[in-house]
Amino acid sequence: MSVVKTRFAPSPTGYLHIGGARTALFSWAYAKRHGGQFILRIEDTDVARSTPEAVQAILDGMAWLQLDHDEGPFYQMQRMDVYKRMIQRMLDEGHAYYCYCSKEELDALREQQMQQGIKPRYDGRWRPEPGKVLPPPPDNVPPVVRFKNPTEGVVVWQDLVKGRIEIANAELDDLIIARADGTPTYNFCVVVDDWEMGITQVIRGDDHVNNTPRQINMLKALGATVPQYAHLSMILGDDGQKLSKRHGAVSVMQYHEDGYLREAVLNYLARLGWSHGDDEVFSMAQFCQWFDLDHITPSAAQFNTEKLNWLNAHYIKTLPLERLADEVKPRLLALGITDTQAPDLHAVLTLYRERANNLNQLAKEIAFFYQTPVINEADAAKHIQPETAAIIEAFVQQVQDSAWTADILHDALNQVVAAQQIKFPKLAMPLRVAVIGIAQSPSIDQVMALLGKTVCLQRLRVLFPNLTA
RNA sequence: GUCCCCAUCGUCUAGAGGCCUAGGACACCUCCCUUUCACGGAGGCGACCGGGGUUCGAAUCCCCGUGGGGACGCCA
């Protein structure tokens, strides 16, 4: 039994989006599960569309998700000599041949076939056959190389996700494996690489199902071992539409920017199209022990931001405080906050992490600890009444000479409420508005204790300038 | 058009012929907790695409519809 080896093979024509990330995650997890190797291969043979920025974006995305590869990254453009040697071999062994059709000729053929209602495909006009006389090669058309696909029989494989798939060779045509300029095309490079790199399980998107029989035929022509295939269904956007620029096909790094933890994204993606009974929340370590191809859903899955948010909230609540602080600090910095010493960020996070489901939101919510809050007008209008100043006055009288802890403040609050014969919110809400700018917060006594006496009193005086205390 | 794939609550899914009066999670609704908003707790709403078979018995197997998706490039 050969050792398991999987690969993630993106083409660098854009960022790493959520669908690609899941494919990578599953390939990675499969290798981990079986003690195998996971390799990263950049399929950059489309020179016109590949960019170094996209390569970097993919590397960044993989790094953020911590989907580390054991080998690579390999770049197909650096393996040209390998492909060219293989193409020559195919030619020499009669598995491939030169085709002198021009693009225009091919386009015309395709159009004609479409009109006739038949599947558009190459008609084999340059395909050599015993007893067949080929036209003389035109001297102004540089030839492409085509693979001589079998014309009869069927290609069958046991897909690890979708089960047995069978496609008739009659449905396939002779695909181009080398362009007129001599460069190899995608399907050929994949075949050569998967073979040479010893890939045992090809885990990829199911848009490749139709390429699989061609690849199997080429593998067989080369005398290579055919790997196992697992075709993952696609991920649909939140709106049920195909993922695209307008439908949330954003970079995984966008999730990072938008305040999501990698733990949440990974857990969410793992659970999208794969299941382990009723388990919903699990670590990547656990996932790597559980992951298998038998429990992958063959149908497409719709992305659900609400559930991602829920997982994000879970991880914000349970992450080690140190980790959480590291995630929040840069986001506070983006709000102009550099110093998180006083009050202590860990203490602030302990108080606030319970209620957050997003890192950016969390940073925004605790910003008032480190900078002057903006008073929310609606909250102020609602909670600051004509009698409020007197109530605040009484409160300040009560606490100005005492120690400043949550317990003491808690008692003081209750005493003032009792003495003034008012409902608790009559005091608590104006305090919130004055001290933190809005009417929603954890217990106001705890918030004020963290903020400190000086700052609290100072902020109270801003909103209630006539305090005598 | 041709070929291929798919089909359980709004969404992600459990389910491999009897354990299913179909389970869990997100969302939603109600109640509880409460110092507001959250968090948390307890309930609730809510699905096997349709039709034929096979079988004592089908969400599970088969066929046909229907619907959705994918592929048909000198793109990957």
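Definitions and cut-offs
- Residues numbered from 1 in each chain as written.
- Chains lettered and ligands numbered in written order.
- Predicted model: local features only at pLDDT ≥ 70, side-chain atom pairs only at ≥ 80, totals over all residues.
- Heavy atoms only, no water.
- Helix = DSSP H or I, 4+ residues; strand = E, 2+ residues; numbered from the N terminus.
- Expected span 1.5 Å × (residues − 1).
- Buried < 20%, exposed > 50% of the residue type's maximum accessible area, 1.4 Å probe, protein only.
- Arc of directions from axis to C-beta.
- 1 Å grid on protein atoms, 1.4 Å probe; cavity = no way out; pocket = protein on both sides within 12 Å on 5 of 7 lines; lining within 4 Å.
- Points joined across faces, edges and corners; volume = space filled by probe spheres on them.
- Nonpolar A, V, L, I, M, F, W, Y, C, P; charged D, E, K, R; others polar.
- Domains from an automatic or database assignment.
- Contact = heavy atoms within 4.5 Å.
- Salt bridge = Lys/Arg side-chain N within 4 Å of Asp/Glu carboxyl O.
- Polar contact = N/O pair within 3.5 Å; in protein donor to acceptor, adjacent residues only side chain to side chain.

Our focus in this paragraph is helix α4 (residues 103–115). Over its 13 residues, α4 runs 18 Å from end to end, which matches the ideal 18 Å to within 8%, given 1.5 Å per residue. What α4 keeps buried is the set Leu106, Leu109 and Gln113. Along the axis of α4, the buried residues cluster in a sector spanning 60 degrees; they form a single face. The outward face of α4, more than 90 degrees from its buried face, is lined by the exposed residues Lys103, Glu104, Glu111, Met114 and Gln115.

Volume-wise, the largest pocket comes out at about 1,300 Å³. Those elements that place two or more of their residues in the lining of the largest pocket are β1 (5–8), α1 (18–33), α5 (186–196) and β9 (201–205). Of the residues that constitute the lining of the largest pocket, the class distribution is 14 nonpolar, 13 polar and twelve charged. In this structure, the second largest pocket is lined by 22 residues; those nearest its centre are Leu106, Arg110, Val144, Arg146 and Ile176. Counting only elements with at least two residues in the lining of the second largest pocket, the list comes to α4 and β5 (144–147). By residue number, the principal contributor to the lining of the second largest pocket is α4, which donates five residues. Across the lining of the second largest pocket, the residue classes tally to eleven nonpolar, three polar and eight charged.

Attention now goes to the domain arrangement of chain A. Segmentation of chain A into domains returns domain 1 (1–75 + 183–318), domain 2 (82–178), domain 3 (319–369) and domain 4 (377–463). Its C-alpha centre places domain 3 at a distance of 23 Å from the equivalent point of domain 4. Of the residues lining the interface, eight residues belong to domain 3; the matching set on domain 4 comes to ten residues. The interface formed by domain 3 and domain 4 holds zero salt bridges in total. Linking domain 3 with domain 4 are one residue pair in polar contact (both at pLDDT 80 or more). Grouping the amino acids of the side of domain 3 that touches domain 4 by side-chain chemistry returns seven nonpolar, no polar and one charged.

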